[in-house]
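Listed below are the residues making up each chain.
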Amino acid sequence: MDVEITIERYADQGRCVGHVDGRVVFVRFALPGERVRVTLDEPHDREDRFWTGEVTEVLDPSPDRVTPVWPLAGPVADGGGVGGADLIHVSLPGQLAWKKAVIDDQMKRLGHVDTDVQVVRAPGDEEEGGLHWRTRIELIADDEGHPSMRRRGSHTRVPIDDMPLATRTLLDVAEQTQLWHGGFEPGSQIRVVAPEPREEAGATPFDARATADAHRTDADAPDYALMVDGRQRDGRRLLTEDVDVTIPGAESATRFSYCVDCGGFWQVHRLAPNLLVQHVLDLAATVLRGTTTACIWDLFSGSGLFTLPLALTAAPRVRMLSVEGAPNAVRNAQRNLDRYHVRAVDALVGDVARTLRTVPSRLSHPDLVVLDPPRAGARADVCRRIAAAAPRGIIYVACDPTSLARDTATLTAAGYRLTDIRAYDIYPMTHHVETVALFVKD
Ligand SMILES: C[S@@+](CC[C@H](N)C(=O)[O-])C[C@H]1O[C@@H](n2cnc3c(N)ncnc32)[C@H](O)[C@@H]1O
């Protein structure tokens, strides 16, 4: 069924909201203020609380609307529908405005705090028009063995021979490995990972021996991985990811080199590790100012992106607890800590909520807690346990503003105050955004 709607405001998951006959409709590829024709998704029935649908025609466009530079990711009606870029119809300034509006709105409605968040774009993204930022891509082989993406609402696989969100380094790897030539087993999952080279950035290694060691891993193989159904087919298994930051108080940039398993979690945007580690170190410095001995928790710690630089630089003497559910990520973290001769971290594998019930007493009074949970957020139980441990500061790195807002309500009810919030648009062309919030004890 087709309906004509005036779009009222931004909603979640890259959609906007309008009404038809008093019923809420969540619309893909729309913008507030627009008059659009929408095809409703099936099934839609009179008893539904809300309907969903997609724009098929724009009758009165928003000034933020642009023609999709990657039509395949646009609306199905225009030959798109493969997903992965749900804001492809929005200008880059319009994307920042969208993300800011969503964060401020969620923080007010669910977090009960007024914010005026700044959403920061990563250097280089504007010049690239919001493209070429993914250091990791996942595709599926179609019936002919060609890399493809699934078209929304169907079983159709659309063969592709380009991926405009992938970095130029990754696209070079795709050429070298003849990715677009196909020849894969139909239905196989294809993953390509290409760390962003940072040779020209001019940062000094924190520990030259450790950096050299990181770069020596599988030394004969180039620093990328092509994986098929979870198995490495080309490149190397252990990749080197360099993270360049300016340690608070230092004059120039320092490089930390990580070995990361090609199948494990790592921030996807080519500059996300730099931006997030820098921000976390800067906030940590404000919380720990004047401290010579600091106890720090890093929860949902992945491969130790924050653990390693915090352990090495946050205070003259640091002891840390890191908790992560994925065993291979903790193996990565431990390998990197060993390489930098860091002995002061208890890197535990386990569920955060469960692990926090039995923290060894020498680590049970953190000065600072850093947490970077998955989309569902930390949830009330974990937030209450953190607050009960009474750290001076809590740095919350959030990939979902709604979860952050819910957890904000729990933390403020437990005696913490939001004192700093900033967001990074490290997922251009999508509705996703990374928000970093600092809470301090009242
Ligand atoms: C957004 S990632 C952050 C990782 C790391 N901080 C980074 O930036 O590389 C979230 C991590 O939480 C882990 N995770 C998810 N649920 C968990 C749980 N209940 N307990 C422990 N770890 C969990 C995931 O495996 C993932 O590595």
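Residues numbered from 1 in each chain as written. Predicted model: local features only at pLDDT ≥ 70, side-chain atom pairs only at ≥ 80, totals over all residues. Heavy atoms only, no water.

Next up on the list: the overall build of the chain. Looking only at helices and strands, the chain has nine helices and 23 strands in total. For a compact globule of 442 residues, the expected C-alpha radius of gyration is about 22 Å, and the chain comes in at 23 Å, within 12% of that figure. Viewed in the frame of its principal axes, the chain has a C-alpha envelope of about 65 × 55 × 40 Å. With an accessible surface of roughly 18900 Å², the chain has 48% of that area assigned to carbon and sulfur atoms. (Helix = DSSP H or I, 4+ residues; strand = E, 2+ residues; numbered from the N terminus. Rg over C-alpha atoms; globule rule 2.2 N^0.38 Å. Areas by Shrake-Rupley, 256 points an atom, 1.4 Å probe, with all protein chains shown as cover.)

Residues in contact with the ligand amount to 15 residues; listed here are only the nearest, Q267, E324, G325, D351 and D372. For the ligand, a nitrogen atom lies 2.9 Å from a polar atom in the backbone of G325. In the complex, 82% of the free accessible area of the ligand, which totals 600 Å², lies under the protein chains. A class-by-class count of the residues in the shell around the ligand yields seven nonpolar, five polar and three charged. (Near = heavy atom within 4 Å. Polar contact = N/O pair within 3.5 Å; in protein donor to acceptor, adjacent residues only side chain to side chain. Nonpolar A, V, L, I, M, F, W, Y, C, P; charged D, E, K, R; others polar.)

Turning our attention to the packing of aromatic side chains. What the rule picks out here adds up to seven aromatic pairs. Seen from their ring centres, F206 and F256 are 5.2 Å apart, and the 25° between their planes marks the pair as stacked. Residue F206 is found in the loop between β12 (204-205) and α3 (208-216), and its partner F256 is found in strand β16 (residues 254-261); the two are separated by 50 residues along the sequence. With relative accessibility at 33%, the residue F206 sits in the partly exposed group. (Phe/Tyr/Trp six-rings, centres within 6.5 Å; stacked < 30°, edge-to-face > 60°. Buried < 20%, exposed > 50% of the residue type's maximum accessible area, 1.4 Å probe, protein only.)

Further remarks concern a negative patch on the surface. Together, D161, D162, D172 and E175 make up a region of like negative charge exposed at the surface. Looking at the element boundaries, D161 is found in the loop between β10 (157-159) and α2 (168-176). Of the residues examined, D161 reaches a relative accessible area of 57% and is grouped as exposed. (Patch = residues over 30% accessible without salt bridge, like charges linked within 9 Å, V, L, I, M, F, W, Y side chains within 5 Å. Salt bridge = Lys/Arg side-chain N within 4 Å of Asp/Glu carboxyl O. Lys, Arg positive; Asp, Glu negative; His and termini not counted. Charge placed at Lys NZ, Arg CZ, Asp CG, Glu CD.)

Next up on the list: the pattern of salt bridges. The full count for this structure, using the stated rule, is 28 salt bridges. A salt bridge links E4 to R35; the nearest nitrogen and oxygen atoms lie 3.3 Å apart. Placement of the pair is E4 in strand β1 (residues 2-6) and R35 in strand β5 (residues 35-40), with a sequence separation of 31 residues. Its relative accessible area of 38% is what places E4 among the partly exposed residues. The shortest N-O distance in the salt bridge between R343 and D338 comes to 4.0 Å. Look at D338 and you get partly exposed, because its relative accessible area is 38%. Salt bridges sharing partners connect three or more residues here, namely E4, R35, R37 and E57.

Take the UniProt feature "active site" (unreviewed entry) in the chain next. The UniProt record annotates "active site" (unreviewed entry) at C399. Along the polypeptide, C399 turns up in the loop between β21 (393-398) and α9 (401-413). Owing to a relative accessible area of 15%, C399 belongs among the buried residues under this scheme. With residues up to four places along the chain from it excluded, the contact list for C399 reads P373, P374, R375, Y427, V433 and E434. (UniProt positions renumbered as here; feature names shortened; annotations may be inferred. Contact = heavy atoms within 4.5 Å.)

This paragraph deals with the pairing of strand β19 (residues 345-349). Both strand β18 (residues 317-324) and β19 contribute to a ladder of five bridges, which runs parallel. Considered in β19, the bridge of E324 is made with V349. Handedness of the β18-helix α6 (residues 327-339)-β19 crossover: right-handed. (Pairing = 2+ DSSP bridges. Right-handed = clockwise from strand over helix to strand, strands pointing away.)

With that settled, the discussion passes to the sheet that holds strand β15 (residues 238-245). Taken in spatial order, the three strands make up an open sheet running β12-β16-β15, and their pairing is mixed. Since the sheet does not close on itself, it has two edges, and those belong to β12 and β15, each with one partner. Note that β12 and β16 share two bridges and pair parallel. Paired with P205 across the bridge in β16 is R255.

Before going further, it helps to spend a moment on the packing of helix α8 (residues 379-388) against α9. Interhelical geometry of α8 versus α9 gives an angle of 35° and a closest axis separation of 9 Å. Regarding α8 and α9, the two cross each other, and that crossing is right-handed. Touching R379, A380, C383 and R384 of α8 are D407, T410 and L411, all from α9. Partitioning the contact of α8 with α9 into residue classes produces three nonpolar, one polar and three charged. (Axes fitted to C-alpha atoms, helices over the stretch in contact; angles between N-to-C directions. Left-handed = near helix turned anticlockwise from the far one by under 90°.)

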